[in-house]
Amino acid sequence: MSEIITLTDGFTLTCAAPSEFSSAVLTAYQALLAEGNAVRPPPAARLLGAYRWAIIQAPNSGPVVAAGALKQTCLNQSYYQTLFSPRKASLMQTFSAGRFPLDLGYLVTASHFQRRGYCGRIMDALLAACAEECVLATTQDPGIQHKLLNKGFERRGTHWQADNGGRLALYLRP
């Protein structure tokens, strides 16, 4: 079931299952991730396997200017288990997809649309879609880290080296 919100600037935020979006939106989302350069754009199948997307588009179904996803941790448990291992966040607990079924991620805003609050709106929409669930997130971006803390996440474990040389941190919303 999709939720569509018209923002004050006339842009729309749609929060829905990936299957409710067109292939053009998928392509635009992947292009934004490539432009943002924070994460490697995932294969289409990985994006399509998400629980929910939140997409902000210009008026009249215009270009996608910001996006985010709630990824399903059960679809890639081995990856998430490494986040909790001594090689990554070094948590003294094991990962359970049952305990943390969702991962807030793939957050991106087109460079010429940043500083408009779109990332926060996307996070709010996605977190409202899973209000009763425990959620995890990883990021190296200080702005996203600050937003996660403001939205009830707690930083856990230690930083670890990202593929691009940055320092990633794990955040959990219990």
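The notes below deal with the structure included here. (Residues numbered from 1 in each chain as written. Predicted model: local features only at pLDDT ≥ 70, side-chain atom pairs only at ≥ 80, totals over all residues. Heavy atoms only, no water.)

**With respect to the overall build of the protein chain**
Secondary structure assignment for the protein chain yields five helices and eight strands. Along the chain direction, N to C, the helices and strands of the protein chain fall in the order β-β-α-α-β-β-α-β-α-β-α-β-β. When its C-alpha atoms are laid out on the principal axes, the protein chain stretches across 50 × 30 × 30 Å. When burial is assessed residue by residue, the protein chain has 47% of its 174 residues classed as buried. Accessible area of the protein chain: about 8800 Å², with a carbon and sulfur share of 52%. For the protein chain, the distance from the average position of its 16 positive side-chain charges to the average position of its 11 negative side-chain charges is 8 Å. (Helix = DSSP H or I, 4+ residues; strand = E, 2+ residues; numbered from the N terminus. Buried < 20%, exposed > 50% of the residue type's maximum accessible area, 1.4 Å probe, protein only. Areas by Shrake-Rupley, 256 points an atom, 1.4 Å probe, with all protein chains shown as cover. Lys, Arg positive; Asp, Glu negative; His and termini not counted. Charge placed at Lys NZ, Arg CZ, Asp CG, Glu CD.)

**Considering the side chain of Arg173**
Looking at where Arg173 falls in the secondary structure, it is placed in strand E8 (residues 167–173). Of the side chains bearing the opposite charge, Glu133 lies closest to the buried Arg173, which forms no salt bridge; the N-O distance is 7.5 Å. Polar contacts involving the side chain of Arg173 include one to the main-chain carbonyl oxygen of Cys130, which spans 2.8 Å. One polar contact links the side chain of Arg173 to the main-chain carbonyl oxygen of Glu133, over a distance of 2.8 Å. Apart from residues no more than four positions distant in its own chain, Arg173 is found in contact with Phe100, Leu127, Cys130, Ala131, Glu133, Cys134, Val135, Lys151, Gly152 and Phe153. (Salt bridge = Lys/Arg side-chain N within 4 Å of Asp/Glu carboxyl O. Polar contact = N/O pair within 3.5 Å; in protein donor to acceptor, adjacent residues only side chain to side chain. Contact = heavy atoms within 4.5 Å.)

**Considering the pattern of salt bridges**
Scanning the model with the defined rule gives three salt bridges in all. With its nearest N and O atoms 2.4 Å apart, the salt bridge here joins Arg156 to Glu154. Judged by its relative accessible area of 27%, Arg156 is partly exposed. Residue Glu154 is classed as partly exposed on the basis of its relative accessible area of 36%.

**Some points on the nonpolar core**
Core analysis: the largest hydrophobic core is formed by 45 residues, its most contacted members being Tyr29, Trp53, Ile56 and Leu104. When residues in this core are grouped by element, the largest group, seven residues, is from helix H4 (residues 118–128). When near neighbours in sequence (up to four residues on either side) are disregarded, Tyr29 contacts Leu47, Trp53, Ile55, Ala67, Gly68, Ala69, Gly105, Tyr106 and Val108. Grouped together as the second largest cluster of nonpolar side chains are 15 residues, Ala89, Leu91, Cys134 and Leu172 included. (Core = buried A, V, L, I, M, F, W, Y, C linked by side-chain atoms within 4.5 Å.)

**Quick look at helix H1 (residues 23–36)**
Its 14 residues place the ends of H1 20 Å apart at the C-alpha level, agreeing with the 20 Å of an ideal helix rising 1.5 Å per residue. Asn37 sits one or two residues past H1 and shows a positive phi near 60°. (Expected span 1.5 Å × (residues − 1).)

**Observations concerning unusual backbone geometry**
Its identity as a non-glycine residue notwithstanding, Asn60 has a phi of 60°, on the positive side. Its place among the elements puts Asn60 in the loop between strand E3 (52–57) and strand E4 (64–72). Judged by relative accessible area, Asn60 falls into the exposed class, the value being 77%. The phi angle at Ser61 is positive, at roughly 55°, despite the residue not being glycine. Mapped onto the elements of the fold, Ser61 is located in the loop between E3 and E4.

**Some details on the sheet that holds strand E2 (residues 12–16)**
Sheet strands pair by backbone hydrogen bonding; their relative direction is either parallel or antiparallel. The mixed open sheet is built from eight strands, whose spatial order is E1-E2-E3-E4-E5-E6-E8-E7. The open sheet has two free edges, formed respectively by strand E1 (3–6) and strand E7 (154–161), since each of these has just one partner strand. For this sheet the average axis-to-axis angle between neighbouring strands, irrespective of direction, equals 20°. Judged from the five bridges that link them, E2 and E3 form a sheet pairing that is antiparallel. Its bridge partner lying in E3, Cys15 is registered against Ala54. (Pairing = 2+ DSSP bridges. Axes fitted to C-alpha atoms, helices over the stretch in contact; angles between N-to-C directions.)

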